[in-house]
Amino acid sequence: MKTFRIIGRNFRDAFKGVFRNFSLSLASISCITITLIVVAISIILSYNVNNFTELVEKDVTIVAFIDNDLTEEEIDTIKDEISVIDHVDTYEFTSKDDITTDMRESSDVFDSVMKNWSDEENPIQNTYQVKVDDIEYIEGVAKQIEKIDGITLVKYGEGIVEQLISTFSLIHTISLGAVVALILVTAFLISNTIKITISSRQREISIMRLIGASNLNIRIPFIIEGLLLGALGSIIPIIITIYGYETLYSSFNGQLFSPFIKLIPPTPFVYLTSLVLLGIGILVGMFGSWRAVRKHLKI
Amino acid sequence: MDLIRLTNVKKTYNTGVTAIQDLNLSIGKGEFVFIIGSTGCGKSTLIKMLYREEKPTAGQIIVGGIDVGRLRNRKVYKIRRKIGVVFQDFKLLPKSTVYENVAFALEIFGLPKEEIHAKVVKVLELVGLKHKIKSYPAQLSGGEQQRVAIARAIVNGPKLLICDEPTGNLDAKTSMGIMEVLNEINKLGTTIIMVTHDINIVKKMNKRVIVLDSGRVLKDYEEGTYK
Ligand SMILES: Nc1ncnc2c1ncn2[C@@H]1O[C@H](COP(=O)(O)OP(=O)(O)OP(=O)(O)O)[C@@H](O)[C@H]1O
Ligand SMILES: [Mg+2]
């Protein structure tokens, strides 16, 4: 009961403190707001880029075309040879009949052309579709498959895919680095802003000490004030995240440049991001206060 | 038993100034003691050591059974809760009302609202300021502000009230008003130590008077003997 009362009063005092020293509070809040906006952009960017990378990686397949003259046993031997290559994740046989049916279903033109071919005449080849466990090794795996007897041709998104993925990973690394650096800088800035707030309240602290407040008694209201500043500072970034990302998502129809590159759906992504922003804001505010008040606790 | 006992106390500031030396003193429960002496003789230093604003360089200081000199920084609040302190410059929170200034001292300890209200009203009544409960310090006269400071100092019911020139900024008539309040508080059982330069007050009150000179006790007049 007593503890609840003290905490309740601390919250009340922290609110009063925020408004009584409004210009300084505003400085702290703006500081947190600006950082959190950049953090939000970085989070959205880096998670989307991460998502693109995964999508691309998942989709990149080596297609190995098999000589149509081979027997079924020979085709099976090829499968064994593929399976022992390092970094091969999955491999799947697609017969030329399946491909033919697929193509005929997807287009009337194909349908009418292929109707006239007999099975022997059909130029379409059986294929193995091979996926690698790491996109980095795709070139090596493709070269090894090409050497196997009975493989006529190997195809994959040479060059373009690797380039795309290394660009993504660069963007990802840079934006994550930016987030970490920004959070550190803000914690430092907040700490200094709150330090000014606190030295303007030096008198209050010395009176508190005089009437018998313990270190905890003195520290807690300021830490709660830091928490409030952090929470207030995260309001605008959260609004921008939720509405901004939803608008962006719907205006791009959920994809960027091509259906291949999909954006992360807003729900629950924006809410999770908002929670992270609130958490960062609160922690940074509390840490800043805690650091700033420390020096005033020595007599 | 004595409330305060100082044994061979010495205080040298880190500037090299020795403010207190060879000081032996005891003050009993319920006493009213004046400390006088010329500027710089160590009066403020002496009382600052009582509430552990300063630490003695040597010797022992016992206040209410606590060895104040050996109290760790983070335990200082323990002695502060037993002592009320009043200063020449009042030290009120300018942005808080009279009520808030006094209640502040109780809220830290988590007392229920009703209990705080009752205590604050009672103590403001005692210092004669109940009607200014909602005023801000800037709206009060110096004497009234000092009464608020006294109310805040005694609202916890401390055993000891220390006043460093509480009437230093006030005219003679207002000062006597403050003295009446302090006398009232003393009669209710609180020990009072008051530093002052106002010899008229000291003469009128007829209390024990300790005269300091260069950090030593020059004279210790028993109650009613200082003329
Ligand atoms: N914090 C300090 N650091 C260094 N020296 C100090 C400090 N406080 C006081 N002194 C010195 O100690 C001596 C005693 O000072 P103190 O304040 O106790 O005098 P006082 O008797 O209260 O004087 P006054 O009547 O003017 O208030 C003085 O020489 C003063 O300069
Ligand atoms: Mg003095």
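All figures in this text were calculated on a predicted structure; none of them were measured in a lab. (Residues numbered from 1 in each chain as written. Chains lettered and ligands numbered in written order. Predicted model: local features only at pLDDT ≥ 70, side-chain atom pairs only at ≥ 80, totals over all residues. Heavy atoms only, no water.)

### Considerations on the overall build of chain B
Piece 1. Along the backbone of chain B there are 7 helices and 10 strands.
Piece 2. Rg of the C-alpha trace for chain B: 17 Å, near the compact-globule value of 17 Å for 227 residues, within the 12% margin.
Piece 3. Projected onto its principal axes, the C-alpha coordinates of chain B cover approximately 45 × 40 × 35 Å.
Piece 4. Long-range pairs, those at least 24 residues apart, make up 68% of the contacts in chain B between residues at least 6 apart in sequence.
Piece 5. Carbon and sulfur atoms make up 47% of the accessible area of chain B, which totals about 10400 Å².
Piece 6. The average position of the 36 basic charges and that of the 23 acidic charges among the side chains of chain B differ by 5 Å. (Helix = DSSP H or I, 4+ residues; strand = E, 2+ residues; numbered from the N terminus. Rg over C-alpha atoms; globule rule 2.2 N^0.38 Å. Contact = heavy atoms within 4.5 Å. Areas by Shrake-Rupley, 256 points an atom, 1.4 Å probe, with all protein chains shown as cover. Lys, Arg positive; Asp, Glu negative; His and termini not counted. Charge placed at Lys NZ, Arg CZ, Asp CG, Glu CD.)

### Topic: the side chain of Thr35 of chain A
All names here are of chain A.
Piece 1. Tracing the chain through its elements places Thr35 in helix H2 (residues 22-59).
Piece 2. Here the side chain of Thr35 touches Cys31 through a polar contact of 2.9 Å, landing on its backbone oxygen.
Piece 3. Once residues lying within four places of it in the same chain are set aside, the contact partners of Thr35 are Leu182 and Thr186. (Polar contact = N/O pair within 3.5 Å; in protein donor to acceptor, adjacent residues only side chain to side chain.)

### Focus: the pairing of strand E1 (residues 62-66) of chain A
Residues and elements named next belong to chain A.
Piece 1. Side-chain alternation along E1 places Ile62, Ala64 and Ile66 on a buried face and Val63 and Phe65 on a face that remains uncovered.
Piece 2. As paired strands, E1 and strand E3 (residues 127-132) are joined by 4 bridges and run antiparallel to one another. Of the residues in E3, the one forming a bridge with Phe65 is Thr127. (Buried < 20%, exposed > 50% of the residue type's maximum accessible area, 1.4 Å probe, protein only. Pairing = 2+ DSSP bridges.)

### Describing the interface of chain A and chain B
Piece 1. If you look at the interface, chain A gives 21 residues, while chain B gives 31 residues.
Piece 2. With both sides pooled, the region where chain A packs onto chain B buries about 2200 Å², and carbon together with sulfur makes up 55% of that total.
Piece 3. Taken together, the links from chain A to chain B amount to 2 salt bridges.
Piece 4. A salt bridge links Glu107 of chain B to Arg12 of chain A; the shortest N-O distance between them is 2.9 Å.
Piece 5. Run the count over chain A and chain B and you get 7 residue pairs in polar contact (both at pLDDT 80 or more).
Piece 6. For the side of chain A that touches chain B, the elements supplying multiple residues, two or more each, are helix H1 (2-20), helix H8 (202-210) and helix H9 (215-233) of chain A.
Piece 7. Here the element with the most residues in the side of chain A that touches chain B is H1 of chain A; it accounts for 7 residues.
Piece 8. Each residue belonging to the side of chain A that touches chain B can be placed in one class, and the counts come to 7 nonpolar, 5 polar and 9 charged. (Buried area = accessible area lost by both parts, 1.4 Å probe. Salt bridge = Lys/Arg side-chain N within 4 Å of Asp/Glu carboxyl O. Nonpolar A, V, L, I, M, F, W, Y, C, P; charged D, E, K, R; others polar.)

### With respect to the sheet that holds strand E2 (residues 88-94) of chain A
Residue and element names in this part refer to chain A.
Piece 1. An order of E2-E3-E1-E4 is seen for the 4 strands of this open sheet, with the pairing classed as antiparallel. Unpaired on one side and paired on the other, E2 and strand E4 (151-155) mark the two borders of the sheet. Mean inter-strand twist for the sheet, computed between neighbouring axes without regard to direction, equals 20°.
Piece 2. Pairing of E2 with E3, which is carried by 6 bridges, proceeds in the antiparallel orientation. Each bridged residue has a counterpart across the sheet, and for Thr94 the counterpart in E3 is Thr127.
Piece 3. Across the sheet, helix H3 (residues 72-83) lies against E1, E2, E3 and E4, angled at about 10° from E3, the strand it touches most. (Axes fitted to C-alpha atoms, helices over the stretch in contact; angles between N-to-C directions.)

### A look at the nonpolar core
Piece 1. Counting residues in each nonpolar core, the largest one holds 114 residues, and the members touching the most others are Ile62 and Ile145 of chain A together with Phe34, Leu124, Leu161 and Leu182 of chain B.
Piece 2. Sort the elements by how many residues they give to this core and H2 of chain A lands first, with 11 residues.
Piece 3. If near-sequence neighbours (up to four positions away) are discounted, Ile62 of chain A is found in contact with Tyr128, Gln129, Val130, Val132, Ile138, Val141, Ala142, Ile145, Val154, Lys155 and Tyr156 of chain A.
Piece 4. Counting 32 residues, the second-largest nonpolar core is a separate cluster that includes Cys41, Leu46, Leu50 and Ile66 of chain B. (Core = buried A, V, L, I, M, F, W, Y, C linked by side-chain atoms within 4.5 Å.)

### With respect to the site of ligand 1
All names here are of chain B.
Piece 1. What surrounds ligand 1 is a group of 13 residues, the closest being Gly40, Lys43, Ser44, Thr45 and His197.
Piece 2. Separating an oxygen atom of ligand 1 from a backbone N or O atom of Gly40 is a distance of 2.9 Å.
Piece 3. At a separation of 2.5 Å, an oxygen atom of ligand 1 approaches a polar side-chain atom of Thr45.
Piece 4. Starting from 630 Å² of accessible surface for ligand 1 in isolation, the protein chains cover 66%. (Near = heavy atom within 4 Å.)

### Some thoughts on helix H10 (residues 235-251) of chain A
Residues and elements named next belong to chain A.
Piece 1. The end-to-end C-alpha distance of H10, which contains 17 residues, comes to 24 Å, matching closely the 24 Å that a straight helix rising 1.5 Å per residue would cover.
Piece 2. Those residues of H10 that fall on the buried side of the exposure criterion are Pro237, Ile238, Thr241, Ile242 and Tyr245. Seen end-on, H10 carries its buried residues on one side only, within an arc spanning 135°. Along H10, the residues that are exposed and aim more than 90 degrees away from the buried face are Tyr243 and Ser251.
Piece 3. Turning to H10, the residues buried within the fold contact H2, H9 and helix H11 (266-294).
Piece 4. One or two steps after H10, the chain reaches Asn253, where phi turns positive at roughly 60°. (Expected span 1.5 Å × (residues − 1). Arc of directions from axis to C-beta.)

### Concerning the domain arrangement of chain A
Piece 1. According to the domain assignment, chain A contains domain 1 (2-56 + 162-296) and domain 2 (61-156).
Piece 2. One C-alpha centre belongs to domain 1 of chain A, the other to domain 2 of chain A; they are set 52 Å apart. (Domains from an automatic or database assignment.)

### Observations regarding the sheet that holds strand E4 (residues 58-63) of chain B
All names here are of chain B.
Piece 1. The sheet built from 4 strands is open, its strands ordered E2-E1-E4-E5 with antiparallel pairing. Each having just a single partner strand, strand E2 (18-28) and strand E5 (66-67) make up the two edges of the open sheet.
Piece 2. Note that strand E1 (residues 2-12) and E4 share 5 bridges and pair antiparallel. When the sheet's bridge partners are listed, Ile4 is paired in E4 with Val63.

### With respect to the side chain of Thr94 of chain A
Residue and element names in this part refer to chain A.
Piece 1. Tracing the chain through its elements places Thr94 in strand E2.
Piece 2. Polar side-chain contacts of Thr94 include one of 2.5 Å to the side chain of Gln129.
Piece 3. If near-sequence neighbours (up to four positions away) are discounted, Thr94 is found in contact with Ile99, Asn126, Thr127 and Gln129.

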